[in-house]
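Below, each chain spelled out in residue letters.
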Amino acid sequence: MAEEVSSQMNSLSISETNPSSSATISLVSGDDIVFKVEPTIAKEMETVQSFIDETDGKITTIPLPNISSHDLPYVIEYCEKSIAGKITKEFEAEFVKKLNNEEVKELFLAANYLNIKKLLDFLSQVIADRIANKSVEYVRRYFGIENDFTPEEEAKLREELAWTFTGVDPDDEDEN
Amino acid sequence: NSPGHNFPEAPMMFNSPDNARPKINSPSPVTAVPDELIAEVLSLLKVKSLLRLKCVSKSWNKLISDPFFVKIHFHKSSLNTDLTLFSAHHTGKSTYTQLTVYPVHTLLENNSTTSIVTVIRRFFSNEYHQVVGSCNGLCCLMEEYSNTEFREFSFRLCNPATKSLSHKLGFVEAQWNGWLLLSSFCFQLGSLAVQINFCHSKPLTLLRRHTWDSIFVLLKLIKY
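Source: prediction; values computed, not measured.

Draft legend 1. Summary view of the overall build of chain B. Helix and strand content of chain B: seven helices and twelve strands. A separation threshold of at least 6 residues defines the contact pool for chain B, and within that pool the share at least 24 residues apart is 45%. Carbon and sulfur atoms provide 57% of the accessible area of chain B, an area that totals close to 13,600 Å².

Draft legend 2. Geometry of the nonpolar core. Grouped together as the largest cluster of nonpolar side chains are 64 residues, with contacts concentrated most on A:Leu27, A:Met45, A:Phe95 and A:Phe143. Top contributing element to this core by residue count: helix α7 (residues 117-131) of chain A, with eight residues. Apart from residues lying up to four places away in sequence, A:Phe95 is in contact with A:Tyr74, A:Glu77, A:Tyr78, A:Leu107, A:Leu119 and A:Phe122. Judged by nonpolar contacts, the second largest core, of seven residues, contains B:Val132, B:Met142, B:Phe153 and B:Leu157.

Draft legend 3. Local environment of unusual backbone geometry. Residues and elements named next belong to chain A. Although it is not a glycine, aspartate 32 adopts a positive phi angle of roughly 65°. Mapped onto the fold, aspartate 32 is located in the loop between β2 (25-29) and β3 (33-37). Unusually for a residue other than glycine, asparagine 115 sits at a positive phi of about 60°. With respect to the helices, strands and loops of the structure, asparagine 115 is situated in the loop between α6 (101-114) and α7. Judged by its relative accessible area of 35%, asparagine 115 is partly exposed.

Draft legend 4. Representation of the side chain of B:Ser57 within the structure. All names here are of chain B. Relative to the helices and strands, serine 57 resides in the loop between α3 (47-52) and α4 (58-65). Looking at serine 57, the relative accessible area reads 2%, which means it is buried. Within the structure, the side chain of serine 57 is placed 3.2 Å from the backbone nitrogen of tryptophan 60, a separation counted as a polar contact.

Draft legend 5. Molecular detail of α4(B). When we look at burial in α4(B), the residues that qualify are B:Trp60, B:Asn61 and B:Ile64. One side of α4(B) holds all its buried residues, which, seen down the axis, span an arc of 100°. On its buried side, α4(B) packs onto α8 (136-143) and α9 (151-160) of chain A together with α2 (35-42), α3 and α5 (67-77) of chain B.

Draft legend 6. Just the packing of α4(B) against α5(B), in detail. Residue and element names in this part refer to chain B. Running from amino to carboxyl end, α4 crosses α5 at an angle of 60°, the nearest separation of the two axes being 5 Å. As far as their axial angle goes, α5 and α4 are oblique. Contacts from Leu63, Ile64 and Ser65 of α4 reach α5 at Pro67, Phe69 and Val70. In terms of residue class, the contact of α4 with α5 is made up of five nonpolar, one polar and no charged.

Draft legend 7. Representation of the pattern of salt bridges in the model. Residue and element names in this part refer to chain A. Summed over all chains, the structure comprises ten salt bridges over all chains. For lysine 97, the salt bridge is made with glutamate 94, and the minimal N-O distance between the two is 3.1 Å. Of this pair, lysine 97 and glutamate 94 both sit in helix α5 (residues 89-97), three residues apart, roughly one helical turn. For glutamate 160, the salt bridge is made with lysine 156, and the minimal N-O distance between the two is 3.3 Å. Of the two residues, glutamate 160 and lysine 156 both sit in helix α9, four residues apart, roughly one turn of that helix. Neither glutamate 160 nor lysine 156 differs from the other in exposure class; each is exposed. Among the ionic contacts, a cluster of salt bridges with common partners joins Glu137, Arg140, Glu154 and Arg158.

Draft legend 8. Structural view of the pairing of β3(A). All names here are of chain A. Among the five residues of β3, four are classified as buried, and the element is accordingly described as predominantly covered. Relative to β3, β2 is paired through four bridges, and the arrangement is antiparallel. Looking at the pairing, serine 26 lines up with lysine 36 of β3. The hairpin formed by β2 and β3 contains three residues between the paired strands, and aspartate 32 there has a positive phi angle of roughly 65°.

About the cut-offs
- Residues numbered from 1 in each chain as written.
- Chains lettered and ligands numbered in written order.
- Predicted model: local features only at pLDDT ≥ 70, side-chain atom pairs only at ≥ 80, totals over all residues.
- Heavy atoms only, no water.
- Helix = DSSP H or I, 4+ residues; strand = E, 2+ residues; numbered from the N terminus.
- Contact = heavy atoms within 4.5 Å.
- Areas by Shrake-Rupley, 256 points an atom, 1.4 Å probe, with all protein chains shown as cover.
- Core = buried A, V, L, I, M, F, W, Y, C linked by side-chain atoms within 4.5 Å.
- Buried < 20%, exposed > 50% of the residue type's maximum accessible area, 1.4 Å probe, protein only.
- Polar contact = N/O pair within 3.5 Å; in protein donor to acceptor, adjacent residues only side chain to side chain.
- Arc of directions from axis to C-beta.
- Axes fitted to C-alpha atoms, helices over the stretch in contact; angles between N-to-C directions.
- Parallel < 35°, antiparallel > 145°, perpendicular 65-115°, else oblique.
- Nonpolar A, V, L, I, M, F, W, Y, C, P; charged D, E, K, R; others polar.
- Salt bridge = Lys/Arg side-chain N within 4 Å of Asp/Glu carboxyl O.
- Pairing = 2+ DSSP bridges.

Have a look at this one:
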């Protein structure tokens, strides 16, 4: 599916082709890999579709600088299943089984960037499930949040909420 | 090469994905997740996890306590119905009420009653409290104080999910002359101030901010 591009981002970001209803759409990842997809797939990605609409379908090569060639195939796979009406609980379980927490986060951001509501909702739930039993420290690292409490403030809050600290999983650095 | 290739100082062509960007697993600055996406994820968490994550930072603490966020969380979590079970315990002369919260879906998926007993968690127990009623996850508790001349009934609200108990919200007195107190409880979701209305007295206002505005404790004194 992916093919390497023998030109730079600057030159390939917009290439005009003859408008044709059956023309495939080329999605270019941030690391310059081109993925050719059917126009129906592009429709699932609101950001891509509005770009195509704005140019009356003349432009069929879309640069996606925020999305890596590692993440894009997953997004495309999900969109393909979605069009086929085959998003089932089983598919979704299989889909995320092979993804670690960092990859889930990358895909979550990609879904947000591409404005794919279904994928975004699904991944929100996946992340919620995965952080539900995580420690406060893990969640800080995961979202890159700086702890701005003073040690006293944090200790006081932890004491008030002591009952919520039962059943927390030990942090496992290797899981990513 | 493609015709567009005329920038000799530009980065190398044929970049492999690994060179073009840091590997997913390599130590790299954490990608910032926009606040609205964080709020979306947090709104899906159960209360216990959510409250624990108040300790993440000041802004998370603020978000999780924010009435607007609480409202969104309430609507989303209303899909996960919990039953609140009341049970009265008698120890000698005193009676206390115990509240336990039990997710309805596990009841539906598992009809074995023995599993219910083991899964039930004790969330709240407070002596001498009688349950007036519950509504949308909040419970109204009644406390009775009595001496030889009169009886005084006061009320508190409790949220079994957050294990929080309000201050006394108001009270009524009844003479010791053979009156029985019947009461019920409801509230309206709405703005941010809480009002306690007793059907036969002036409304009392509770200054703490909540996501509901009116709480009605309906009392009826009947002669027996």
